[in-house]
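Notes for the structure review
Each chain is listed here by its residues.
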Amino acid sequence: MASKRLSDECGKTEKKKKKKTCVETAELCSVVEEEQVKKSVKKAWSQRTHYSQGDLELDCQPFPHCIIRNFLSSETFIENLQKELLGLNFHEKSNDLYRFKQSDDLRKRMEPYIAGLRAALFGPFRSWLGEVLGVELEPTVDISCAKYEHTDVLLCHDDELEGRRVAFILYLVPPWESSDGGTLDLYTTDSNLQPQSIVKSLVPSLNTLVLFEVSPVSFHQVSEVLTQDKCRLSLSGWFHGPSLERPPRHTEPPIPRNPHLPRDEMLLLEWVNPVYLDISHQEQVQEEFEDSSEVQLKDFLKEEKFREVSEALRLTQIQWTKRGPPNKRCCEVASLDTLPQCVSACWELLHSEAFFLLLSNFTGLRLHYLCPADEDDEDDEDKEEGNGEKKEEDDKRDGEATGSSTEPSANASREKELSTPVCCGELRRWSHGSYTLLHDGEAARAEYALDLALPFGCADWQSEFGGFTCYVANEEDEELLTVYPEDNSLALVYRDKETLKFVKHVNHKSSCDSSCRAFYDFSFVYYE
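Residues numbered from 1 in each chain as written. Predicted model: local features only at pLDDT ≥ 70, side-chain atom pairs only at ≥ 80, totals over all residues. Heavy atoms only, no water.

Moving on, we come to the environment of Phe-125. When you line up the elements, Phe-125 lands in helix 4 (residues 112-133). In the structure, Phe-125 is positioned 93 residues away from Val-32 in sequence and 7.9 Å away in space, judged by C-alpha atoms. Residues contacting Phe-125, with those up to four places away along its chain left out, are Leu-28, Val-32, Ile-68, Phe-71, Ala-120, Leu-209, Leu-211 and Phe-239. (Helix = DSSP H or I, 4+ residues; strand = E, 2+ residues; numbered from the N terminus. Contact = heavy atoms within 4.5 Å.)

Among the 6 residues that make up strand 6 (residues 143-148), 6 are buried, leaving the element largely enclosed by the rest of the structure. Burial along strand 6 is two-sided: Ile-143, Cys-145 and Lys-147 facing one way and Ser-144, Ala-146 and Tyr-148 facing the other are all buried. One ladder, built from 2 bridges, connects strand 5 (residues 98-103) with strand 6; its direction is antiparallel. By the bridge assignment, Gln-102 is partnered in strand 6 with Ala-146. In this sheet, strand 13 (residues 232-240) lies alongside strand 6 in antiparallel orientation, the contact comprising 6 bridges. Bridge assignment links Ala-146 to a residue of strand 13, and that residue is Ser-234. (Buried < 20%, exposed > 50% of the residue type's maximum accessible area, 1.4 Å probe, protein only. Pairing = 2+ DSSP bridges.)

In this section: the sheet that holds strand 21 (residues 479-483). The 3 strands are arranged 21-20-23 in an open sheet whose pairing can be described as antiparallel. The open sheet has two edge strands with one neighbour each: strand 21 and strand 23 (499-503). Sheet twist, expressed as the average angle between the axes of neighbouring strands with direction ignored, equals 20°. Bridging between strand 20 (residues 469-473) and strand 21 involves 4 bridges; their strand directions are antiparallel. Within strand 21, the position partnered with Thr-469 by the bridge is Val-483. (Axes fitted to C-alpha atoms, helices over the stretch in contact; angles between N-to-C directions.)

Following the sequence through the fold, Arg-232 ends up in strand 13. No salt bridge is formed by the buried Arg-232, whose closest oppositely charged neighbour, Asp-185, lies at an N-O distance of 8.6 Å. If near-sequence neighbours (up to four positions away) are discounted, Arg-232 is found in contact with Ala-146, Lys-147, Tyr-148, Tyr-171, Val-173, Trp-176, Gly-182, Pro-204, Val-222 and Val-225. (Lys, Arg positive; Asp, Glu negative; His and termini not counted. Salt bridge = Lys/Arg side-chain N within 4 Å of Asp/Glu carboxyl O.)

Below, the discussion takes up the nonpolar core. Counting 48 residues, the largest nonpolar core has Phe-300, Phe-355, Leu-452, Phe-456, Phe-522 and Tyr-526 as its most contacted members. Take this core: its biggest share by element is 7 residues, from helix 8 (residues 341-351). Apart from the residues within four sequence positions on either side, Tyr-526 is in contact with Leu-350, Phe-355, Phe-356, Leu-359, Leu-367, Val-422, Cys-423, Ala-449, Leu-450 and Leu-452. (Core = buried A, V, L, I, M, F, W, Y, C linked by side-chain atoms within 4.5 Å.)

Looking now at the environment of Leu-121. Relative to the assigned elements, Leu-121 resides in helix 4. If near-sequence neighbours (up to four positions away) are discounted, Leu-121 is found in contact with Phe-71, Arg-126, Ile-143, Phe-168 and Phe-239.

Applying the stated criterion across every chain yields a total of 30 salt bridges. Here Glu-131 ties to Lys-38 by a salt bridge, and the two come within 2.9 Å at their closest N and O atoms. Taken together, the residues Glu-131 in helix 4 and Lys-38 in helix 2 (residues 35-47) connect sequence positions 93 residues apart. Classification of Glu-131 by relative accessible area gives partly exposed; the value is 42%. We classify Lys-38 as buried; its relative accessible area is 13%. Linking Arg-429 and Glu-332 is a salt bridge whose minimum nitrogen-to-oxygen distance equals 2.9 Å. You can see Arg-429 sitting in strand 17 (residues 422-430) and its partner Glu-332 sitting in strand 16 (residues 329-334), a full 97 residues away along the chain. On the accessibility criterion, Arg-429 (22% relative accessible area) is partly exposed. Bridged by salt links that share partners, the residues Glu-92, Arg-99, Lys-101, Glu-149 and Asp-152 form one connected network.

So this is what it looks like as structure tokens:
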């Protein structure tokens, strides 16, 4: 319908002196015009077999995807299309999953070559693709332009969203090598339909169209662009139609939580900067924490202890294991039974009864039985909205524990006194390519918690490297807080059920000199 209207406009002389709109016809390569090729592609796609003919190749490993080289038959058309696209306004897009520049939706753009390509894609080519798949694709137009430049990336995801049936990418790049990055990486999946490893990487090539069916196993990424001299320009979008059936998503088992270790205050005296053991200073910290639900305590450990742990973390005896799956995270976690003695002692410190009590004094949270019960400091809690929300959640949890929210308050109080604060933790190493992502499972299990991070080895770390922790409101783009790694600075953040966090992708800038930079952190979560 759009192409008919536009072609009519080309064929008539405008009476008024307005800018003339004309659609340039996009001629597609001959391979998609051949009836026998279409039948062969349809058969191969349905049988999940390989097929190749001229500039067209269908490969079904690790999932069905089709590559059509020399997709547009006119070099002049391609050059003019590139010029029109580069003249568009682009917006910086950045979150846990990606960083790149994107144009506005192109469905209504009237530039001659953009409009011509759109008409060809969502007209004749959509019909061809629908016949190949044996489904009726909708006339919905979903297309935009993306520019990936140095350190830009789109991490592992499956593209699944209601209505999306086939994803496509048309590359409009200069001569490109695999060493430039920006490859389209395809992942295998395990028995739980979780992505495992990259088994195929497609190097962008001028005038090449790549398309694949959106499915529960269509996990892919755009690898980080490593070149500083080229722009990875592409058009991408989706053809819409009936979605493929999806089984229930796999639910990861939660990290085990444990009560504190029986260690007394002597551990604190050995490890913690004496400033933070002073009661009056703890009160100041608590006031700051209650104002903003977060605090950073600089020079937290004694200098000699911090130095000792920093040096030990670089020892080769520590066994680091990469944690995935890549649609949720990619970082290295230390095996606790391989830790040097001083690192293990630091772990015990953060897990100890004395430290639970210290955290209670810093935050006002009930992480130890010696802390005042909620009813004792109810007036103080009501001063802060965040603490008021915490109290409501505590009340709800108490009601669930007794089997009824209408049980007498004395019973609820006794249950609360019997509850045991717990924690879980990891020792992590962050280097080029590390990240964590927001995901549905995390959002579903979000709860009130106190996050702790204690970094090591980041003295020369810069914010432009990534590796910082972002707190965001669930299902919103709003960034609530960013915590940057800083040596020996203990970060405490209290989050509610509507707050999620991720660690931003560590990019190539972190390793572009002779040495590959890395930093470490103890990451703990405490629950009342």
